Amino acid sequence: GNSVTQMEGPVTLSEEAFLTINCTYTATGYPSLFWYVQYPGEGLQLLLKATKADDKGSNKGFEATYRKETTSFHLEKGSVQVSDSAVYFCALSVNTGRRALTFGSGTRLQVQP
Amino acid sequence: NAGVTQTPKFQVLKTGQSMTLQCAQDMNHNSMYWYRQDPGMGLRLIYYSASEGTTDKGEVPNGYNVSRLNKREFSLRLESAAPSQTSVYFCASSEAATGTGTGGEETQYFGPGTRLLVL
């Protein structure tokens with residue numbers, strides 16, 4: 001089956017620190033990979049995505065590279081801000097059947113001034 | 001363009017009561033989904049609808065029913081609520097994936113959620 005594993009949180013960083021949130025996956029078939037972000041009290045928003053190996057998704061200073069050889073899609077940002085405090089979800093979908101998303105458990109990021 | 005909307009935002013039920021969660025999207029998407037979010041478990045798929053007139057079970061369908069009323073609306077019904085159904089419920093929609101055989105696009109757009117408490 002399909003599964004996504006994320007590093008457990010919370011991750012607490014100071015403003016302008018470097019961020020890495022690890023994500024690895026297992027999938028039947030060739031997945032598309034996503035990072036979603038959930039701000040307090042809100043629904044999930046797509047942050048970035050990648051649909052094939054070696055693709056790099058990027059948005060708002062966040063980046064993640066689709067690594068097929070290590071089945072990973074780690075999220076990085078060079079300098080975090082307080083406004084980046086949120087829960088981050090790694091997810092995948094495969095191009096068969098229901099095409100629903102399989103989510104990781106989420107990683108809470110807290111950025112302190 | 002409101003995207004995906006959900007009602008109600010918050011609901012308290014007693015065990016055994018029934019209710020329907022409403023979801024609507026204005027993006028002309030074919031596929032719609034219901035997920036539940038529980039602490040430490042991410043989101044899990046309850047039901048989905050690949051197109052108007054079709055529905056199918058997801059990972060955790062027990063205790064729920066759905067109706068794809070038309071292309072815009074997809075409702076989730078709890079016939080006899082149980083405390084285990086206390087959760088946050090999210091509706092999502094997406095265009096049908098084009099299916100290239102190498103992954104395909106499948107961006108889902110989420111509503112703001114319904115927080116349900118079953119006592």
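Before reading further, recall that the structure is shown in the block above.
Let us look at the structure shown here.

The subject of this paragraph is the overall build of chain B. Helices and strands together make up the secondary structure of chain B, namely zero helices and eleven strands. Each helix and strand of chain B, ordered N terminal to C terminal, gives the series β-β-β-β-β-β-β-β-β-β-β. Across the 119 residues in chain B, those meeting the buried criterion constitute 49%. A fraction of 57% describes how many contacts in chain B between residues 6 or more apart in sequence connect residues 24 or more apart. Summing over all exposed atoms, chain B offers an accessible surface of approximately 5500 Å²; the carbon and sulfur share of this is 49%.

The subject of this paragraph is the overall build of chain A. Scanning chain A for helices and strands turns up zero helices and twelve strands. Order of helices (α) and strands (β) in chain A, N terminus to C terminus: β-β-β-β-β-β-β-β-β-β-β-β. The C-alpha radius of gyration of chain A comes to 14 Å, within 12% of the 13 Å expected for a compact globule of 113 residues. Its C-alpha atoms give chain A principal-axis dimensions of roughly 45 × 30 × 20 Å. Put simply, chain A has 113 residues, and 46% of those count as buried. By element, 45% of the accessible surface of chain A is carried by carbon and sulfur atoms, the whole surface being about 5100 Å². One way to put it: in chain A the 10 positive side-chain charges average out to a point 10 Å from where the 10 negative ones average out.

Moving on to the state of the cysteines. All names here are of chain B. Evaluated as defined, the whole model comprises two disulfides over all chains. The partner cysteine of C23 in its disulfide is C91, sulfur to sulfur 1.9 Å. Disulfide C23-C91: the torsion about the S-S bond is -70 degrees, which places it as left-handed. On the criterion of sequence distance, the pair formed by C23 in strand β3 (residues 19–25) and C91 in strand β9 (residues 87–94) is long-range, its members being 68 residues apart. Of the two residues, C23 and C91, both sit in the buried class.

Quick look at the sheet that holds β3(B) now. Residues and elements named next belong to chain B. Across the sheet, four strands lie side by side as β1-β3-β8-β7; this open sheet has antiparallel pairing. Across the chains shown, the open sheet's two edge strands, defined by having one partner strand only, are β1 (4–7) and β7 (64–68). Going from strand to strand, the sheet's axes swing by 20 degrees on average, the running direction of each strand aside. The pairing of β3 with strand β8 (residues 74–78) spans three bridges and is antiparallel. By the bridge assignment, L21 is partnered in β8 with L76.

By size, the foremost hydrophobic cluster in this structure holds 27 residues, and its most contacted members are A:L19, A:W35, A:L47, A:L48, A:F73, A:L75 and A:Y88. For this core, the secondary-structure elements that each account for two or more residues are β2 (11–14), β3 (19–21), β4 (23–26), β5 (31–38), β6 (44–50), β8 (62–65), β10 (86–94) and β12 (107–112) of chain A. Among the elements that make up this core, the one with the highest residue count is β10(A) (five residues). Aside from chain neighbours lying at most four places away, what touches A:Y88 is A:Q6, A:I21, A:W35, A:Y36, A:V37, A:L47, A:F62, A:L75, A:G106, A:T107 and A:L109. One finds B:V66, B:F74, B:C91 and B:L116 within the second-largest nonpolar core, a separate group that totals 20 residues.

Thresholds applied
- Residues numbered from 1 in each chain as written.
- Chains lettered and ligands numbered in written order.
- Predicted model: local features only at pLDDT ≥ 70, side-chain atom pairs only at ≥ 80, totals over all residues.
- Heavy atoms only, no water.
- Helix = DSSP H or I, 4+ residues; strand = E, 2+ residues; numbered from the N terminus.
- Buried < 20%, exposed > 50% of the residue type's maximum accessible area, 1.4 Å probe, protein only.
- Contact = heavy atoms within 4.5 Å.
- Areas by Shrake-Rupley, 256 points an atom, 1.4 Å probe, with all protein chains shown as cover.
- Rg over C-alpha atoms; globule rule 2.2 N^0.38 Å.
- Lys, Arg positive; Asp, Glu negative; His and termini not counted.
- Charge placed at Lys NZ, Arg CZ, Asp CG, Glu CD.
- Disulfide = S-S within 2.5 Å.
- Pairing = 2+ DSSP bridges.
- Axes fitted to C-alpha atoms, helices over the stretch in contact; angles between N-to-C directions.
- Core = buried A, V, L, I, M, F, W, Y, C linked by side-chain atoms within 4.5 Å.

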